[in-house]
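This is what each chain is made of:
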Amino acid sequence: MKTNQIKIKNAHIHNLKNIDVTIPKEKLTVITGVSGSGKSSLAFDTLYEEGKRRYLMFSDTQFGMDSVPSFDTITGLSPTVAASQCTIRQSNPRSTVGTRTKLSAVLAMLFASYGEKDPLYDDGLPLSMEMFQRNSAKGMCARCIGKGHTRIVYEDKIYGDMEQGIGDILEGRFSIISTWHNKINDYLKAFNLSLDTKLKDLTEEQFIALKYGSPKTKFAGVNFFAPTESSTLESLQNKKKISRRQELFAFTQAYAKEAVCPKCKGTGLGVQGMYTTISGKNITELENMYISDLLQFMENYAAKSNNILAREICIKLRCMADVGLYHLSLSRSVPTLSGGEIQRLFLASYIIAEMNSIIFVFDEPTIGLHELEKGKLISIIKNLVERGNTVIAVEHDANFINNADYIIDMGPGAGIRGGEKIFEGEYKEFLKCSTSKTAPFLADKNRFKTRSSTRTATNRKLVIEGADIHNLKNITVSIPLGIMAGIAGVSGSGKSSLVSDTLVPKLKEALRDKCVSDETYNPGDIICSARLRGVQNIKKCIVIDQKPIGRSITSCPATYTGIYDRIRKLFAETEIAKDYGYSAGMFSVNSEGGCRVCHGQGVINYHIGMGNSIEVKCEACGGAGFLPEVMEVELDGMNIKDILDMTIDEAAIFFKDKDRIICNILKTMQRVGMGYITLGQKTPTISGGESQRIKLAKELSKGRNAKDILYILDEPTTGLSFYDSQKLMDLLQELVDTGNSVIVTEHDPYVLSNCDYIIELGKGGGSDGGNVIAAGTPEELKNNENSIIGGYLF
């Protein structure tokens, strides 16, 4: 018997307090509420996880069968798919927009079937799909292995002095990487050499092996050591190795550089792939186009050729443009996409597939969209519903909530103070809900607190001249200091190009170590030709982006902020730890105390196909991630796992009289709206907005009395409710009031209305963007007919 409702009884995972929920099928339901109130616990950890479990159960798989249910019953469940913000953290680094949507494969088919060969490079063999795929052995450039770039080594600088010994090269220039020593010794042993052997005394075979490696040895050769590879840089991230990283960069600049591959000219393709075209363009040129431009190109080609494959490509491209991804290219790497973009990419795939009778679960799909673009996204999602699907979205956006058929509000607070169902019903009734912290903002726009007057810009300013990277049109931008400045514009208008790809690298170049950023900038990587004036007006710059905190799956807020080191020390100082001789390392999953079976993760991951995996609790440690003996040590009745399971709010109470520095960091975390997350929450489950606020808290906890600091933030209120956004904005305003400057890249009209000065880029995205279309105070933009965001400001 078909049911038109999904009924959840007694949901109690995480902070959910035994709630009952009814969700209508074939409707758009929004789950809202303050940050940390239990929205994701209900939508993803209860509804989606049970849908996945049932699929696995009936697909005859061995995994997920014996999990302990976090509810009594769920009825009316259909096949369920989800796109959460942390999906991006699990993406293959070589995955692109084109590979994820399969459009690159369809393009390859088009070129293989209808491509025009250049007669000068025609080998007479038939074309195949693989020739146009740079990850394929048949298609990749043999020199750069499909990367499009290669390392050029200045051999004269390294080997020019033949009187020098092998040790002068290896020990002098490469001693900074300790893991190389075994391989170096393997080379010396294989050829019966020593570090004192001079280059002039080497045989031709020995000299070639020194440069390029040899089958006789594990040593890959001096030329093939890659000091700028991310794997090497990640091993040099901690503060103790900053000087070593600088030495590494010095070597890179002096002896080698990354350059466009001269063989494939950056395409990453072999000869046939490079010199086969459609309407004068090879496949790499098409993949590098903005989707809006590629759509126009393919529509023109389809009209002329009446080609079925070209028409199919146009349908998919049009769908991607409709969901607000027109500013991307097919070559764009998936891990570089924002949480909102990755969800809209999945949404486009679902629409193209024309699926029905499916339950879709989204996590704030409007993230990163301009107000102008949200309407189209909402209509597309409603179209999914009209096809017979059920859409459930965790959302804070007012316009999205307004268009929902059904609303569930969670609260009343965050963490242990949340987990209750505050409201369930239709939008009109929701506006009357007096116990909700969300409804009052929707019912009365005056509830949004904005400054009564803007700060007056001083003569101190940063001036960017000749910004022309990506789609920027050689623009000059003046950013006042001592105020809060907002960078606005539709998606793809050039905001990130201006701030992340121009301003930040130039500040890093000028300020060096006084520009704090997660991004590692090698001077050779700063390719923008823009000029920056006014750097003397700031003492320090702190860039706070939405990239993940930490670099391993066991990273968490406690490790990132430095709290964990102090907590482990407290445990090591307990009497029982002293009796057993336990050091602080015993209380780390990455050290002595970690479970040997799951390597401290608490779960074991099993691949189940199609890029998906499922986590099964580790039986050896019971999901704790620690050895059993570690769990026996307690601090005031709490073991180390109990501490890591505490929310920030709970931990602030627990450590109140135990450690002043820990308390200071925890209080700052509370101020930025992060009181609801746990100390041990794993990095892959933390959204981009949450990562950014954790980074902000870490910096602010170091001391908030400093002046003339420039803070650069990227959509800081992402993932925050109206209530929590106000708290964060109050904190940012305090930073400015104490003599600092703040630059925020934003779409949120509330945040922009609280800025003192706004620079708006546009007018469109991609090739239609890259210009400054308006600049001034919020009031001035409201009256500026060129401004798009002005009409949405409070």
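The structure this text deals with has already been given above.
Here we summarise the structure given alongside this text. (Residues numbered from 1 in each chain as written. Predicted model: local features only at pLDDT ≥ 70, side-chain atom pairs only at ≥ 80, totals over all residues. Heavy atoms only, no water.)

**Re the layout of surface pockets**
Note the threshold: Both site types are read off a 1 Å grid over the protein atoms alone. A 1.4 Å probe that fits but cannot get out defines a cavity, while an open set with protein on both sides within 12 Å along at least five of seven lines defines a pocket; lining residues have an atom within 4 Å of a point. Grid points are joined across faces, edges and corners, and a volume is the space filled by probe spheres set on the points. Only DSSP runs of H or I with at least four residues qualify as helices, and only runs of E with at least two residues qualify as strands; both kinds are numbered from the N terminus onward. Segmentation into domains, and thus their bounds, comes from an automatic or database assignment.
For the second largest pocket, the calculated volume is near 660 Å³. Lining the second largest pocket are 32 residues, and of these Glu371, Lys374, Asp397, Ala398 and Asp748 sit closest to its centre. Counting residues per element, the ones that place at least two in the lining of the second largest pocket are helix 15 (371–386), helix 16 (398–402), helix 18 (439–443), helix 28 (722–737) and helix 29 (749–753). Of the domains in this structure, domain 1 (5–88 + 337–444) and domain 4 (461–548 + 687–792) are the two that each give at least three residues to the lining of the second largest pocket.

**So, the packing of aromatic side chains**
Applied cut-off: To pair, rings of Phe, Tyr and Trp, with the six-membered ring standing in for Trp, must have centres within 6.5 Å; the planes then decide the type, stacked if under 30 degrees apart, edge-to-face if over 60, and tilted in the middle. By definition here, charges over rings are those cases where NZ of Lys or CZ of Arg is within 6 Å of the ring centre and within 35 degrees of the ring normal.
Under the definition given, this model contains 12 aromatic pairs. Plain terms: the ring middles of Tyr159 and Phe207 are 5.7 Å apart, the flat faces sit at 90° to each other, and that makes the pair edge-to-face. Placement of the pair is Tyr159 in helix 4 (residues 155–159) and Phe207 in helix 7 (residues 204–212), with a sequence separation of 48 residues. Joined through ring pairs, the aromatic side chains of Phe571, Tyr580, Tyr582 and Phe587 make up one cluster. Over the ring of Phe654 we find Lys658, and its NZ or CZ is 4.2 Å from the ring centre.

**Regarding the environment of Asn471**
What counts here: Each residue is assigned to one of three classes by its accessible area relative to the maximum for its type, calculated with a 1.4 Å probe on protein chains only: buried under 20%, partly exposed between the two thresholds, exposed over 50%. What makes two residues a contact is simply this: any of their non-hydrogen atoms within 4.5 Å.
When you line up the elements, Asn471 lands in the loop between strand 14 (461–467) and strand 15 (475–480). Accessibility expressed as a relative area gives 7% for Asn471, which makes it buried. Sequence-distant contacts of Asn471, that is, excluding residues within four places in its chain, are made with Tyr290, Gly492, Ser493, Gly494, Ser497, Gly766, Gly769 and Gly770.

**Considering the nonpolar core**
To be explicit about the condition: Remark: nonpolar core denotes a set of buried residues (Ala, Val, Leu, Ile, Met, Phe, Trp, Tyr, Cys) joined through side-chain atoms within 4.5 Å.
Ranked by size, the top nonpolar core spans 152 residues in total, and within it Met298, Ile567, Phe587, Phe655 and Leu679 carry the most contacts. When residues in this core are grouped by element, the largest group, 8 residues, is from helix 13 (residues 308–322). If sequence neighbours within four positions are ignored, Met298 has contacts with Leu110, Ala310, Ile313, Cys314 and Leu317.

**Remarks on the pairing of strand 19 (residues 540–544)**
We apply this condition: Here, a strand pair is defined by DSSP locating no fewer than two bridges between the strands.
Taken across its 5 residues, strand 19 has 4 buried, putting it largely inside the fold. Across 5 bridges, the pairing between strand 19 and strand 22 (residues 709–714) is parallel. Within strand 22, the residue paired with Val543 across the bridge is Ile712.

**Describing the sheet that holds strand 4 (residues 73–75)**
In plain terms, the rule: Whenever a helix is involved, its axis is fitted only over the stretch in contact; in every case the axis is a line through C-alpha atoms, and angles between N-to-C directions fall within 0 to 180 degrees.
What the 3 strands build is an open sheet, ordered 2-1-4; its pairing is antiparallel. Each having just a single partner strand, strand 2 (19–24) and strand 4 make up the two edges of the open sheet. Going across the sheet, the axis of each strand differs from the next one's by a mean of 5°, ignoring polarity. When strand 1 (residues 5–11) meets strand 4, the two strands line up antiparallel, connected through 3 bridges. When the sheet's bridge partners are listed, Ile8 is paired in strand 4 with Ile74.

**Observations regarding the state of the cysteines**
This is how the line gets drawn: The disulfide definition used here is simple: a pair of cysteine sulfur atoms within 2.5 Å.
With the rule as written, the count across this model stands at 0 disulfides. Just so you know, Cys595 is unpaired, no disulfide at all, and the nearest cysteine sulfur is the one on Cys598, 3.7 Å from it. On the basis of relative accessible area, Cys595 is assigned to the buried category, the value being 5%. For the unlinked cysteine Cys618, the closest cysteine sulfur is that of Cys621, found at 3.8 Å. Judged by relative accessible area, Cys618 falls into the buried class, the value being 1%.

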